[in-house]
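Here is how the chains run, residue by residue.
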Amino acid sequence: MAVQWSVASCKLFENLYRGPGCIELFCARGNNPAKNWKLTGSSSAIRRDYNKDLRGLVYRLDAGSRMVKMQMPANEKMSLGIEQRFLVFQVNIPDEKDFSFELVVTGVDNIQRRLYFSTMRRQLCTSSLFNAQIPVMGIKRDVWSTLFFDLKSFSEVFTTKGRLTLNTITLHANCEVRRIFTMEPQAGISNLDFFLDETALMRMIPANYKYPKHISDEVQILDLASCKRQLREQVLILQDKREPDDLRTTMKNQG
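Note that this is a predicted model, so its numbers are computed, not measured.

### Some points on the overall build of the chain
Part 1 of the reasoning: From N to C terminus, the chain includes four helices and 17 strands.
Part 2 of the reasoning: In the chain, which comprises 255 residues, the proportion classed as buried is 47%.
Part 3 of the reasoning: Restricting to contacts in the chain with at least 6 residues of sequence separation, those with at least 24 account for 71%.
Part 4 of the reasoning: Put simply, the chain shows about 13,500 Å² of open surface, and 49% of that area lies on carbon and sulfur atoms.

Structure below.
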């Protein structure tokens, strides 16, 4: 069974934590689930709702602006200090709406950097040595999903391979979020990528973290390679759509 930790028990704001198991950053249940988060936005744009499909509580971020967000730690001068390989979201992202989140991380070179993931982005770019914007494509919409983001792989955006320490996480609209946690496989498995498929990772999640049995969730692993692959596929799709118009224009010019 996976080791489970909470923010309070780990004292994450004081010491770097590394090791196997799961660390829960957010759960929509409980008396005050957002007590360690800073919520920005009106009560209508960010709120806790009862979800009929889940038969449980979720937080809903619903707006057309990046200003609606939830950030952890609430105090920007503090740091999570978590060194685990996967950041995991249990979310439902509405169709035809934007979704994004931002991470502040520290690499093995002790330089702090910012990673911005967005469904709006159409290219992967680094604006400096310290910031990167990463397109997130291919995420299933209007369905509950378990999204595994492989933080180790995204260190390669800055050509600095190795572990990343998660310092801050900011979740933007639009989505419904049930739970957010980090996860580290057992020693000896974490570096063997061929063992880390969707089935293997789902088995590592504690039973009380999983969706109710009546929910069939979509499971996706997102790493730097998959983001680049989805970006190339999107470019090919757009090229195919443009080719008939280009051909008609050429024929007209030659006619």
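Let us keep going from here.
### With respect to the environment of Lys 69
Part 1 of the reasoning: Relative to the assigned elements, Lys 69 resides in strand S7 (residues 69-72).
Part 2 of the reasoning: Residue classification places Lys 69 among the partly exposed positions, given a relative accessible area of 23%.
Part 3 of the reasoning: Sequence separation between Lys 69 and Ala 173 is 104 residues, and the spatial gap between their C-alpha atoms is 6.3 Å.
Part 4 of the reasoning: Leaving out residues up to four positions away in the same chain, Lys 69 has contacts with Lys 38, Leu 39, Thr 40, Ile 46, Leu 61, Thr 170, Leu 171 and His 172.

### A word on the nonpolar core
Part 1 of the reasoning: Counting residues in hydrophobic clusters, the biggest one holds 47 residues, and the most contacted among them are Leu 87, Phe 89, Leu 103, Leu 115 and Ile 180.
Part 2 of the reasoning: In terms of nonpolar packing, the next biggest core, distinct from the first, is built from eleven residues, Val 88, Met 183, Leu 196 and Leu 201 among them.

### Quick word on empty space enclosed by the protein
Part 1 of the reasoning: The tally for this structure, following the rule as stated, stands at one cavity of 30 Å³ or more.
Part 2 of the reasoning: Quantified by volume, the largest cavity comes out at close to 30 Å³.
Part 3 of the reasoning: Per-class residue counts for the lining of the largest cavity are two nonpolar, one polar and four charged.

### Quick notes on the layout of surface pockets
Part 1 of the reasoning: In this structure, the largest pocket occupies an estimated 350 Å³ of space.
Part 2 of the reasoning: Lining the largest pocket are 22 residues, and of these Arg 85, Asp 150, Ile 221, Leu 222 and Asp 223 lie nearest its centre.
Part 3 of the reasoning: Mapped onto the lining of the largest pocket, the elements with two or more residues apiece are helix H2 (151-154), strand S17 (218-222) and helix H4 (224-254).
Part 4 of the reasoning: When residues of the lining of the largest pocket are assigned to their parent elements, the largest contribution, five residues, is made by H4.

### Re the environment of Ala 74
Part 1 of the reasoning: Within the secondary structure, Ala 74 is located in the loop between S7 and strand S8 (82-83).
Part 2 of the reasoning: Judged by its relative accessible area of 34%, Ala 74 is partly exposed.
Part 3 of the reasoning: The spacing of Ala 74 and Ile 169 is 95 residues in sequence and 9.9 Å in space, taken between C-alpha atoms.
Part 4 of the reasoning: Look past the residues within four positions of Ala 74 in its chain and what remains in contact with it is Asn 36, Trp 37 and Lys 38.

### Topic: the pattern of salt bridges
Pairing is possible between side chains of opposite charge, provided their charged atoms come close.
Part 1 of the reasoning: Across all of its chains, the model carries ten salt bridges by this definition.
Part 2 of the reasoning: A salt bridge links Glu 76 to Lys 38; its shortest N-O distance comes to 3.9 Å. Separated by 38 residues along the polypeptide, Glu 76 in the loop between S7 and S8 and Lys 38 in strand S4 (residues 38-40) bring together distant segments of the chain.
Part 3 of the reasoning: Classification of Lys 38 as partly exposed rests on a relative accessible area of 37%.
Part 4 of the reasoning: Here Glu 176 makes a salt bridge to Arg 60, at a shortest N to O gap of 3.2 Å. With Glu 176 in strand S16 (residues 175-184) and Arg 60 in strand S6 (residues 56-61), this residue pair connects regions lying 116 residues apart in the sequence.
Part 5 of the reasoning: One salt-bridge network, in which partners are shared between bridges, spans Arg 47, Asp 49, Arg 60 and Glu 176.

### As for unusual backbone geometry
Part 1 of the reasoning: The step from Met 72 to Pro 73 runs through a cis peptide bond, and the omega angle for that step is 0°.
Part 2 of the reasoning: Counting through the fold element by element, Pro 73 comes out in the loop between S7 and S8.
Part 3 of the reasoning: Residue Asn 174 is bonded to the preceding Ala 173 through a cis peptide linkage, with omega at 15°.
Part 4 of the reasoning: On the secondary structure map, Asn 174 appears in the loop between strand S15 (165-172) and S16.
Part 5 of the reasoning: Positioned with a positive phi, Asn 110 is a non-glycine residue whose angle comes to about 65°.
Part 6 of the reasoning: With respect to the element layout, Asn 110 can be found in the loop between strand S10 (100-106) and strand S11 (112-118).
Part 7 of the reasoning: For Asp 142, which is not glycine, the phi torsion reads 55° and is therefore positive.
Part 8 of the reasoning: Residue placement: Asp 142 occurs in the loop between strand S13 (131-135) and strand S14 (144-150).

Basis of the calculations
- Residues numbered from 1 in each chain as written.
- Predicted model: local features only at pLDDT ≥ 70, side-chain atom pairs only at ≥ 80, totals over all residues.
- Heavy atoms only, no water.
- Helix = DSSP H or I, 4+ residues; strand = E, 2+ residues; numbered from the N terminus.
- Buried < 20%, exposed > 50% of the residue type's maximum accessible area, 1.4 Å probe, protein only.
- Contact = heavy atoms within 4.5 Å.
- Areas by Shrake-Rupley, 256 points an atom, 1.4 Å probe, with all protein chains shown as cover.
- Core = buried A, V, L, I, M, F, W, Y, C linked by side-chain atoms within 4.5 Å.
- 1 Å grid on protein atoms, 1.4 Å probe; cavity = no way out; pocket = protein on both sides within 12 Å on 5 of 7 lines; lining within 4 Å.
- Points joined across faces, edges and corners; volume = space filled by probe spheres on them.
- Nonpolar A, V, L, I, M, F, W, Y, C, P; charged D, E, K, R; others polar.
- Salt bridge = Lys/Arg side-chain N within 4 Å of Asp/Glu carboxyl O.

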